[in-house]
Amino acid sequence: MDYIEKDFSKRGKSVKLCLIAPAPQHCGGISNWTRIVCKQIEKEKSKIEFSFINIAPTTSCLERRVGLGYLWTSSRELFIQLKNLLHQIKISRPDIIHLTTSGGMSFIRDYVLTNVMKRFDIPFVYHIHFGRVPQIIENRKIEYWIMSRVLSRAYRVIAIDPKTYECFQKQFPSVKSVYIPNPVEKSEFMGKDIQSKKEIL
């Protein structure tokens, strides 16, 4: 969370950070990222006052593919997330919000939640956890227009791969974007034997 220390270190007190992401116990790349980041935040708790809003789906992928059922479930989840955000703002207004996204239908949620952030004048970091941005820009469909609106509101945008970062630099030059690859824990590789040569059969 270097951007927090860099941009808010002059405050002279801990920074109130609200992280909006899938909870660490769920499966998926963003949940794994959340787990690693939460560990780091725990080490920095004297500098960061941390709150969390879980946006992981409450149903399986199979259940979410059913037409009306999908719409009902998605609407219910969005209502809960919106309610949690408003509650968090009320009890302890964050200095900054870190919003993760996987794109697709998540853009609708992002649009609604960032509307609230804008209304309360709370800056947010938009963390793009997928690599389809070049295709979205090329197709110029509804995804593109919603994404563009959210990007224009962001205090800063994080890309996890070079191509996405290049697209932001070219297509959205006014957006403050940075390239930060996903973190990897050293402990995952310690004590493991890694072959240094390839065998051809």
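Residues numbered from 1 in each chain as written. Predicted model: local features only at pLDDT ≥ 70, side-chain atom pairs only at ≥ 80, totals over all residues. Heavy atoms only, no water.

Draft legend 1. View of the overall build of the chain. Counting secondary structure elements, the chain contains 8 helices and 6 strands. Taken from the N to the C terminus, the helices and strands of the chain come in the order α-β-α-β-α-α-β-α-β-α-α-β-α-β. Within the chain, the proportion of its 201 residues that are buried is 41%. Sequence-distant contacts in the chain: of pairs separated by 6 or more residues, those separated by 24 or more amount to 71%. Carbon together with sulfur atoms contributes 56% to the accessible area of the chain, which is approximately 12,700 Å² in total. (Helix = DSSP H or I, 4+ residues; strand = E, 2+ residues; numbered from the N terminus. Buried < 20%, exposed > 50% of the residue type's maximum accessible area, 1.4 Å probe, protein only. Contact = heavy atoms within 4.5 Å. Areas by Shrake-Rupley, 256 points an atom, 1.4 Å probe, with all protein chains shown as cover.)

Draft legend 2. Structural view of the sheet that holds strand β6 (residues 177–179). With parallel pairing, 6 strands are arranged side by side in an open sheet as β2-β1-β3-β4-β5-β6. Every other strand in the sheet has two partners, leaving β2 (48–54) and β6 as the edge strands with one partner each. Looking at each pair of strands side by side, their axes are set apart by 20° on average, direction ignored. Two elements, strand β3 (residues 96–101) and strand β4 (residues 124–128), share 5 bridges in a ladder whose sense is parallel. Across the sheet, residue T101 finds its bridge partner in β4, namely I128. Strands β1 (15–21), β3 and β4 of the sheet are contacted by helix α5 (residues 106–119), whose axis makes an angle of about 170° with β3. (Pairing = 2+ DSSP bridges. Axes fitted to C-alpha atoms, helices over the stretch in contact; angles between N-to-C directions.)

Draft legend 3. The packing of α5 against helix α7 (residues 142–153), seen in detail. One way to put it is that α5 packs onto α7 with a least axis distance of 10 Å and a crossing angle of 25°. Here α5 lies roughly parallel to α7, going by the angle between them. For the pair α5 and α7, the sense of crossing is left-handed. Contacts from F107, I108, D110, Y111, T114, N115 and K118 of α5 reach α7 at E143, I146, M147, R149, V150 and R153. Of the residues belonging to the contact of α5 with α7, the class tally is 6 nonpolar, 2 polar and 5 charged. (Parallel < 35°, antiparallel > 145°, perpendicular 65-115°, else oblique. Left-handed = near helix turned anticlockwise from the far one by under 90°. Nonpolar A, V, L, I, M, F, W, Y, C, P; charged D, E, K, R; others polar.)

Draft legend 4. Main features of the pattern of salt bridges. Applying the stated criterion to the full structure yields 4 salt bridges. Residue K45 is joined to E42 by a salt bridge in which the shortest nitrogen-to-oxygen separation is 3.2 Å. E143 is paired through a salt bridge with R132; the nearest N and O atoms lie 2.7 Å apart. In this pair, E143 is assigned in helix α7 and R132 in the loop between β4 and α6 (133–139), connecting sequence segments 11 residues apart. (Salt bridge = Lys/Arg side-chain N within 4 Å of Asp/Glu carboxyl O.)

Draft legend 5. Expanded view of the packing of aromatic side chains. Across all of its chains, the model carries 7 aromatic pairs by this definition. Ring geometry for F50 against F52: centres 6.5 Å apart, planes inclined by 40°, an arrangement best described as tilted. Given a relative accessible area of 34%, F50 falls into the partly exposed group. Take F52: its relative accessible area is 30%, and that puts it in the partly exposed class. Taken together, a centroid distance of 4.8 Å and an interplanar angle of 80° make the contact between Y144 and W145 edge-to-face. Exposure remark for Y144: the relative accessible area of 7% places this residue in the buried category. Counting every residue linked through ring pairs, the aromatic cluster contains Y144, W145, F168 and F172. Positioned above the aromatic ring of Y111, the side-chain terminus of R153 is 4.6 Å from the ring centre. (Phe/Tyr/Trp six-rings, centres within 6.5 Å; stacked < 30°, edge-to-face > 60°. Lys NZ or Arg CZ within 6 Å of the ring centre and 35° of its normal.)

Draft legend 6. Quick look at the pairing of β2. The pairing of β1 with β2 spans 7 bridges and is classified as parallel. Within β2, the position partnered with C18 by the bridge is S51. Taken together, β1, helix α2 (residues 29–43) and β2 constitute a β-α-β crossover, and its handedness is right-handed. (Right-handed = clockwise from strand over helix to strand, strands pointing away.)

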